[in-house]
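Close look at the chain arrangement
The primary structure of each chain is shown beneath.
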Amino acid sequence: MISLADLQRRIAQGALSPEAAIGQSLEAVGADRATIGAFVRYDEKARAQGAGPLRGIAVGIKDIIDTADVPTEMGAAIYRGHQPRADAPVVMALKQAGATIIGKTTTTAFAANDPTATLNPHNHAHTPGGSSSGSAAAVAAAMIPLALGTQTGGSVIRPASFCGVAAIKPSYRLLPTVGVKCFSWTLDTVGLFASGVRDVALGLSAMTNRPELVVPPEVATPRIGVVTQAFAGAPEASGAAALQTASRAAERAGASVRELAMPDIVAEAWRIHPIVQDFEAHQSFAWEYRQNYDAMPPLLRGRLDESKGITARDYDAAMNVALSARQALSAVFDEVDVLLTLSAPGAAPKGLSYTGDPRYNRLWTLMGVPCVNVPALIAEGGLPVGVTVIAPFGADARALAAASFVEGALRN
Ligand SMILES: NC(=O)CC(=O)O
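The notes below deal with the structure included here. Just so it is clear, the structure is predicted and the values come from calculations on it, not from any experiment. (Residues numbered from 1 in each chain as written. Predicted model: local features only at pLDDT ≥ 70, side-chain atom pairs only at ≥ 80, totals over all residues. Heavy atoms only, no water.)

**A short note on the packing of aromatic side chains**
Condition: Paired rings are identified among Phe, Tyr and Trp, the last through its six-membered ring, by centres lying within 6.5 Å, and are further divided according to the angle between planes into stacked (under 30 degrees), edge-to-face (over 60) and tilted (the rest). Secondary structure elements follow DSSP: runs of H or I no shorter than four residues count as helices, runs of E no shorter than two count as strands, and numbering proceeds from the N terminus. Classification of residues uses two cut-offs on accessible area relative to the type maximum, computed with a 1.4 Å probe and protein chains only: under 20% is buried, over 50% is exposed, and between them is partly exposed.
In this structure the tally under the stated criterion is 7 aromatic pairs. Arranged with centres 4.4 Å apart and planes meeting at 20°, the rings of Phe279 and Tyr315 form a pair that is stacked. In this pair, Phe279 is assigned in helix H8 (residues 264-284) and Tyr315 in helix H11 (residues 312-332), connecting sequence segments 36 residues apart. On the basis of relative accessibility, which here comes to 16%, the residue Phe279 falls in the buried class. Note on Tyr315: relative accessible area 12%, which makes it buried. In textbook terms, an aromatic cluster arises when at least three aromatic residues are bridged by ring pairs, as seen for Tyr79, Phe110, Phe183, Phe285 and Trp287.

Dropping the structure here:
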């Protein structure tokens, strides 16, 4: 994979020009149609900028995020050819940091569950996951060093796990979702994919102008609480093995590691996540669902059909649970620095019809806490499986530093 940190170092040393760095990605992305199909479209004339921490860094943008220079089609026929007037703020933030937007990566329709045709770079018989399918796959396939995705359930962390790349779903609202097609305004979060944790941190730091997010050369040894999320059901063997492998590696590296049970209200928040997501989706997709019903992607249309009965009272009760759970979760971090949990039930499912289950991701999206995927092992069929490092709301630097610790422990 292409390391953002390595590109930055070589460009700073003059060993690599920003133009050459962009040229390498253009060549790989240009060949993509014949490989895994991670891009909806790309800019053959993409040019490097000469200044900024992300000069020479080619970035893929999930195709629900508005771009002014190329269409934003939401992975849906209803929006074919749709051309936004302006770049979304997160796209402008990348450009202002010197990045080059090289193309639009594939997304499941409206970032829901109707799959893309994109292949998992590690095993073409399997899905790369969703909904940020192309972003995870393009980084994993060494086409680009950085990509943007979004998460409402598990759409950053799960495909990152399936594709063996680092990724962050940052704290809620650290990145603006203006100009991002809304699924659920309480849940939608913009995230980043890169080859390693330090690379993700460099990208997020540059976008947000927050130098404190950069992972320092030496990171503190964290106190880790392992959360199995038994309330979400048992994982597959490869998922359980990934969590155990990461826990044991962290312990061997000197971290204190112990299993932590979640307060009941937090488990209840896991249960009510779909109520929040689907109640808000009915409003977010009202125009598509009511004015373009027949053209709607079938799985999302079916999900909206089934969730019509959610009442405002149900929603209000769910939101109250979420608020109480966030308060209870913050107290959990009095005992540990970070949590360590599953990124997915196991390796990527076979076939392209199903992008996987967000059951281990969705709680943390509702809690709004920073989550970082760390590749943990390679399962049968050469398929990666990751784990998730979680810190308190607003402690994104802590999540990245602890994730880097776990990543280093797994490499030793
Ligand atoms: N947008 C999402 O997060 C949906 C998913 O998890 O597949």
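Having seen it, we continue.
**What about the pattern of salt bridges?**
Quick reminder of the rule: Any Lys or Arg side-chain nitrogen located within 4 Å of an Asp or Glu carboxyl oxygen qualifies as a salt bridge.
Applying the stated criterion across every chain yields a total of 14 salt bridges. Linking Arg9 and Asp6 is a salt bridge whose minimum nitrogen-to-oxygen distance equals 2.3 Å. Of the two residues, Arg9 and Asp6 are both situated in helix H1 (residues 4-13); the distance of 3 residues between them amounts to about one turn of the helix. Taken together, the shared-partner salt bridges connect Asp6, Arg9 and Arg10 into one network.

**Overview of the packing of helix H6 (residues 197-208) against helix H13 (residues 396-411)**
Rules: Note on geometry: axes are lines fitted to C-alpha atoms, helical ones only across the stretch in contact, with angles between N-to-C directions running from 0 to 180 degrees. Should an angle fall under 35 degrees it is called roughly parallel, over 145 degrees roughly antiparallel, and 65 to 115 degrees roughly perpendicular, with every other angle called oblique. Each crossing gets its handedness from the near helix: less than a right angle anticlockwise from the far helix is left-handed, clockwise is right-handed. Whether two residues are in contact is decided by their heavy atoms: any pair within 4.5 Å suffices. Residue type decides the class: Asp, Glu, Lys and Arg count as charged, Ala, Val, Leu, Ile, Met, Phe, Trp, Tyr, Cys and Pro as nonpolar, and the leftover types, Gly among them, as polar.
Remark: H6 packs on H13, axes separated minimally by 9 Å, with the N-to-C direction vectors making an angle of 160°. Classified by the angle their axes make, H6 and H13 are roughly antiparallel. The interaxial crossing formed by H6 with H13 has left-handed handedness. Here H6 contributes Val197, Arg198, Val200, Ala201 and Leu204 to the contact with H13, which in turn contributes Leu400, Ala403, Ser404 and Glu407. A per-class count over the contact of H6 with H13 returns 6 nonpolar, 1 polar and 2 charged.

**Describing the site of the ligand**
Rules: Residues are classed as near a molecule or strand on a simple rule: at least one heavy atom within 4 Å of it. Whenever two N or O atoms come within 3.5 Å, that pair is a polar contact, provided that in protein one can donate a hydrogen and the other can accept it, and provided that, for residues adjacent in sequence, both atoms are side-chain atoms. Working definition of accessibility: Shrake-Rupley area with a 1.4 Å probe, residue cover restricted to the visible protein chains.
Taken together, the residues surrounding the ligand are Ala111, Asn113, Gly130, Ser131, Gln151, Thr152, Gly153, Gly154, Ser155, Arg158 and Pro358. Ala111 is positioned such that a nitrogen or oxygen atom in its backbone is 2.7 Å from a nitrogen atom of the ligand. Ser155 places a side-chain nitrogen or oxygen 2.5 Å from an oxygen atom of the ligand. Protein chains shield 98% of the accessible area of the ligand, which is 240 Å² for the free molecule. Tallied by class, residues from the shell around the ligand come to 2 nonpolar, 8 polar and 1 charged.

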